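Listed below are the residues making up each chain.
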Amino acid sequence: MIPVNEPLLGGREKEYVAECLSTGWISSSGRFIDAFEEAWAAYCGMKYGIAVCNGTAALHVAAGCLDLKPGDEVIMPSFTIISCALAIVNNGAKPVLVDCDPDTWCMDVSQVESRITSRTRAIMPVHIYGHPVDMDPLLALGEKYGLKIIEDAAEVHGAKYLSGRDSASSRWLSCGGIGHISAFSFYANKQITTGEGGMVLTNDHVFAEKARGLRNLCFRKDRRFYHTDLGNNFRMTNIQAAIGLAQTERIEEILRHKRWMGKAYEERLRHISCLQLPVEKPWARQVYWMYSIVLRESAGMDAIKFAMRLQELGIETRPFFIGMHEQPVFHNMGLFQNEHYPVTERISRQGLYLPSGIALTEEQLNSVCESVKKALT
Ligand SMILES: Cc1ncc(COP(=O)(O)O)c(C=O)c1O
């Protein structure tokens, strides 16, 4: 079976982890926490990094920094993982959805302004499957309406966005370094992994201080075990950070492999007319987190059937997200009832992603492509 993902820990990971074990710094203090936070924030062009135990916690902490109140609203895409909606709901606010773009599968930014009300406090763009969201229109809405931008960059380590593309002062920015506050996941299928792990980035020192408190039970500096706010234990361990630092040292090599993979899949699959392949907009440098494909109607089957055929041929896949508006758990909470987002609904039924790990070889990739062709006939 060719696995959908296999991490490659081929740098100084072992050496750094061995240092944690031999020095006894195995918990959430130690030199690797600071070093990883600094290295990752610097790589993404942000001032402060706050390492946490996973990407879901990073989103929770990022949303927590905004002091959301009951009745406040945050606009987010329907097509994403539940962690995004969870961060909003668990901070007492209400998620408000928009559909996704049929080409990039990211939030359709043209739908956002019509969803803004007097209760809107923030917008949460989610960069999907390696491709950036078109951020400039969201930043402009943020300015116009006084909203914060919480960027979910879990899937786009190393992706770049061309800001100001119609102006003389255009510049490439790192995803996760664009909004007021951003969240990353370092789960084992991410470009950079710490096994489980996450990070919040921001340029705002008030948010950074708040985020450090929220990940650490809101302990006060002036009086231990005396609490004026509620936080969680969302701390990352020094061992995880040691792996993260070693991975960050190799990020360019990892991204080169991802880009090679994306282009190689494209070359081999682009002639198959019933497949929609990932795009790379001129204003984006996409990193092919997972090589994702959508079956057009002419394929005559949905992604579940296609995945079963591929499984029989020894190829592991994963289905696309199911829209937030189709989640019974939210309907039971009175959210998103009778809402429809046609692009999300179509791609969530017709989309899946192919083996895309850092360890994927050309031979395996060729075999996946042959199997894709077979499974479609
Ligand atoms: C877009 C997005 N946001 C958040 C998360 C949550 O990250 P984690 O699994 O580390 O909690 C994921 C996980 O894959 C994700 O894809």
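Owing to the predicted nature of the structure, the values given are computational and were not obtained by experimental measurement.

Thresholds applied
- Residues numbered from 1 in each chain as written.
- Predicted model: local features only at pLDDT ≥ 70, side-chain atom pairs only at ≥ 80, totals over all residues.
- Heavy atoms only, no water.
- Axes fitted to C-alpha atoms, helices over the stretch in contact; angles between N-to-C directions.
- Helix = DSSP H or I, 4+ residues; strand = E, 2+ residues; numbered from the N terminus.
- Left-handed = near helix turned anticlockwise from the far one by under 90°.
- Contact = heavy atoms within 4.5 Å.
- Nonpolar A, V, L, I, M, F, W, Y, C, P; charged D, E, K, R; others polar.
- Patch = residues over 30% accessible without salt bridge, like charges linked within 9 Å, V, L, I, M, F, W, Y side chains within 5 Å.
- Areas by Shrake-Rupley, 256 points an atom, 1.4 Å probe, with all protein chains shown as cover.
- Salt bridge = Lys/Arg side-chain N within 4 Å of Asp/Glu carboxyl O.
- Buried < 20%, exposed > 50% of the residue type's maximum accessible area, 1.4 Å probe, protein only.
- Polar contact = N/O pair within 3.5 Å; in protein donor to acceptor, adjacent residues only side chain to side chain.
- Parallel < 35°, antiparallel > 145°, perpendicular 65-115°, else oblique.

Novice: Looking at this structure, how should I read the packing of helix α3 (residues 55-64) against helix α4 (residues 82-89)?
Specialist: Working note: a packed helix pair is described by the angle between its axes plus the distance between those axes. Between α3 and α4, the least distance of the axes is 8 Å, while the angle of their chain directions is 35°. Along this stretch, α3 crosses α4, giving a crossing that reads as right-handed. Counting all contacts with α3, which are made through Thr56, Leu59, His60 and Ala63, the residues of α4 involved are Ser83, Cys84, Leu86 and Ala87. Looking at the contact of α3 with α4 residue by residue, the class counts come to five nonpolar, three polar and no charged.

Novice: I'm lost on a nonpolar patch on the surface in this one. Help?
Specialist: On the surface, Ile81, Ile82, Leu86, Val329 and Met333 cluster together to form a nonpolar patch covering roughly 380 Å² of accessible area. For Ile81, the position within the fold is in the loop between β2 (73-77) and α4.

Novice: Just checking my understanding: could you explain helix α6 (residues 205-215) for this structure?
Specialist: In an α-helix, one turn spans 3.6 residues, which is why side chains three or four residues apart end up on the same side. Among all positions of α6, only Phe207, Ala208, Ala211, Gly213, Leu214 and Arg215 are buried. Those residues of α6 that are buried are in contact with α2 (31-44), β1 (48-52), α3, β5 (148-152), β8 (181-185) and β9 (198-202). For α6, the side-chain oxygen to backbone nitrogen distance between the N-cap and Val206 is 2.8 Å, and the N-cap itself is Asp204.

Novice: Would you take a moment to explain the packing of helix α1 (residues 13-23) against helix α7 (residues 238-249) for this structure?
Specialist: It is the contact of α1 with α7, at a shortest axis distance of 8 Å, that shows an interaxial angle of 155°. Taken together, the axes of α1 and α7 lie roughly antiparallel to each other. Crossing of α1 against α7: the hand is right-handed. Contacts between α1 and α7 involve Glu13, Tyr16, Val17, Cys20 and Leu21 on the former and, on the latter, Asn238, Ile239, Ala242, Ile243, Leu245, Ala246, Gln247 and Glu249. Of the residues belonging to the contact of α1 with α7, the class tally is nine nonpolar, two polar and two charged.

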